[in-house]
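# Commentary on secondary and tertiary structure
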Amino acid sequence: MVLVYEDLSEMAPGVQLAALTGKTDVTCKDGGANLRLRITTVSSAHSKRRFRFKVAPMDVTLAAERPRLIQLSEAFSVVSHTQTVSKPVGPRAAGPKMGLANAAGAAPSLAA
């Protein structure tokens, strides 16, 4: 199993090998197979192109003789959303922390 672009063009060999992790060699039994894969690339790194999974015999001759053995998934995009944490605008002012002990009307505390 490999990851190809929506138009069925293949990725560069080095990119294609790194794009999927997990067991990509599939043995079909009774017409089905269970897979657990991780896609390690995102569409934005590929000009926002969509991908497909392509399952085909490893033997090129067999794939050419029996083209119906080649199966393709629906096209899909891979996106990654990272949470952004707002950073303080300026440097933090050094000084005592104001807690209840230092609030107006409260008794001073000896705790540091």
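Please refer to the structure higher up on the page.
Residues numbered from 1 in each chain as written. Predicted model: local features only at pLDDT ≥ 70, side-chain atom pairs only at ≥ 80, totals over all residues. Heavy atoms only, no water.

Looking only at helices and strands, the protein chain features two helices and five strands. Traced from its N-terminal end to its C-terminal end, the protein chain shows the element sequence β-α-β-β-β-α-β. A buried classification covers 16% of the 112 residues belonging to the protein chain. Of the contacts made within the protein chain by residues no fewer than 6 positions apart, 45% connect residues no fewer than 24 positions apart. (Helix = DSSP H or I, 4+ residues; strand = E, 2+ residues; numbered from the N terminus. Buried < 20%, exposed > 50% of the residue type's maximum accessible area, 1.4 Å probe, protein only. Contact = heavy atoms within 4.5 Å.)

Bringing the sheet that holds strand S1 (residues 2–5) into the picture now. Judged by pairing direction, the sheet is antiparallel, and its three strands sit side by side in the order S1-S4-S5 without closing on themselves. Here the strands that pair on one side only, and so sit at the sheet edges, are S1 and strand S5 (71–72). The pairing of S1 with strand S4 (residues 51–55) spans four bridges and is classified as antiparallel. Directly across from Val2, in S4, lies its bridge partner Lys54. (Pairing = 2+ DSSP bridges.)

This model, assessed by the stated rule, comprises three aromatic pairs. Consider the rings of Tyr5 and Phe51, whose centres lie 6.0 Å apart with planes at 25°: the pair is stacked. Here Phe51 lies in strand S4 and Tyr5 lies in strand S1, a separation of 46 residues in the sequence. Judged on exposure class, the residue Tyr5 and its partner Phe51 are both buried. (Phe/Tyr/Trp six-rings, centres within 6.5 Å; stacked < 30°, edge-to-face > 60°.)

Right, let's get into the nonpolar core. Counting eight residues, the largest nonpolar core consists of Leu3, Tyr5, Met11, Ala19, Leu20, Phe51, Phe76 and Val78. The contacts of Tyr5, once residues within four sequence positions are left out, are Glu10, Met11, His46, Arg49, Arg50, Phe51 and Arg52. (Core = buried A, V, L, I, M, F, W, Y, C linked by side-chain atoms within 4.5 Å.)

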